[in-house]
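# Report on the structure
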Amino acid sequence: MAAASAEDPFARVAVARAASETDAAILQLDRNISALLDCAVADEEIPMELRLRTRRDRVRATERALMAVDILFKTAGGNSLKRGNPIERAWRDAHAGSVHVANDVERALAMYGKGAFGIPVEDNLV
């Protein structure tokens, strides 16, 4: 961000919110990778509960990344709309990735909820 942004208290809040969303996503993903690695090292099948939690947290990470980009995009103002602006490109890339079937938040959360209620889940993405 430009030096002028560093002096803007609203830009500081935006950066803090975006960083918090990013950190939350990373912490969840790290926890899941660690649990998956434990299963691999122990040569154990990955339990469905872990598969569903991992899927849930992956889509939430995408959702959080979008929130972070959107927060920064809004705070950057009108110049962020200019083609070639790094934040415009990040916004476009993040939103393009979010529409992939693997990042379908509602579908993944519904699958997690189904599993949480003890209903069998059959899906290629878990």
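Note: the structure precedes this text.
Okay, so let's go over this structure. (Residues numbered from 1 in each chain as written. Predicted model: local features only at pLDDT ≥ 70, side-chain atom pairs only at ≥ 80, totals over all residues. Heavy atoms only, no water.)

### Things to note about the packing of aromatic side chains
Enumeration according to the criterion identifies one aromatic pair in this entry. For the ring pair Phe73 and Trp91, a centre distance of 5.2 Å and an interplane angle of 25° mean the geometry is stacked. A residue pair is termed long-range when its members are at least 10 positions apart, and Phe73 in helix α3 (residues 48-76) and Trp91 in helix α4 (residues 86-98) qualify at 18 residues. Classification of Trp91 as partly exposed rests on a relative accessible area of 31%. If you follow Arg56 out to its NZ or CZ, it ends over the ring of Tyr112, 4.6 Å from the centre. (Phe/Tyr/Trp six-rings, centres within 6.5 Å; stacked < 30°, edge-to-face > 60°. Helix = DSSP H or I, 4+ residues; strand = E, 2+ residues; numbered from the N terminus. Buried < 20%, exposed > 50% of the residue type's maximum accessible area, 1.4 Å probe, protein only. Lys NZ or Arg CZ within 6 Å of the ring centre and 35° of its normal.)

### A few points about the environment of Glu63
Note on placement: Glu63 falls in helix α3. Separated by 42 residues in sequence, Glu63 and Val105 place their C-alpha atoms 7.5 Å apart.

### Structural notes on the pattern of salt bridges
The tally for this structure, following the rule as stated, stands at nine salt bridges. Measuring nitrogen to oxygen at the nearest pair gives 3.5 Å for the salt bridge that ties Arg64 to Glu21. Taken together, the residues span a long stretch of sequence, with Arg64 in helix α3 and Glu21 in helix α2 (residues 9-41) at a distance of 43 residues. By relative accessible area, which is 14% here, Arg64 ends up buried. A relative accessible area of 22% places Glu21 in the partly exposed class. Ionic pairing is found between Asp57 and Arg56, a salt bridge with its closest N-O pair at 2.7 Å. When its relative accessible area of 18% is taken as the criterion, Arg56 is described as buried. (Salt bridge = Lys/Arg side-chain N within 4 Å of Asp/Glu carboxyl O.)

### Quick notes on α2
With 33 residues, α2 should reach 48 Å at 1.5 Å per residue; the first-to-last C-alpha distance of 47 Å fits that figure. Along α2, the positions that sit buried rather than exposed are Ala11, Ala14, Ala18, Ala25, Gln28, Asn32, Ala35 and Cys39. Sitting at the head of α2, Asp8 places a side-chain oxygen 2.9 Å from the backbone nitrogen of Phe10. Count one or two residues on from α2 and you reach Asp43, which has phi positive near 55°. (Expected span 1.5 Å × (residues − 1). Polar contact = N/O pair within 3.5 Å; in protein donor to acceptor, adjacent residues only side chain to side chain.)

### Some thoughts on the environment of Leu37
With respect to the helices, strands and loops of the structure, Leu37 is situated in helix α2. Given a relative accessible area of 52%, Leu37 falls into the exposed group. The sequence separation of Leu37 and Ala61 amounts to 24 residues, and the corresponding C-alpha distance is 19 Å.

### Regarding the packing of α3 against α4
Their axes nearest at 10 Å, the elements α3 and α4 cross at an angle of 150°. One element, α3, and the other, α4, form an angle in the roughly antiparallel class. The element α3 and its partner α4 pack so that their crossing is left-handed. Contact residues: α3 offers Thr62, Leu66, Val69, Asp70, Leu72, Phe73 and Ala76, while α4 offers Ile87, Glu88, Ala90, Trp91, Ala94, His95 and Ser98. Residue classes in the contact of α3 with α4 are distributed as nine nonpolar, three polar and two charged. (Axes fitted to C-alpha atoms, helices over the stretch in contact; angles between N-to-C directions. Parallel < 35°, antiparallel > 145°, perpendicular 65-115°, else oblique. Left-handed = near helix turned anticlockwise from the far one by under 90°. Contact = heavy atoms within 4.5 Å. Nonpolar A, V, L, I, M, F, W, Y, C, P; charged D, E, K, R; others polar.)

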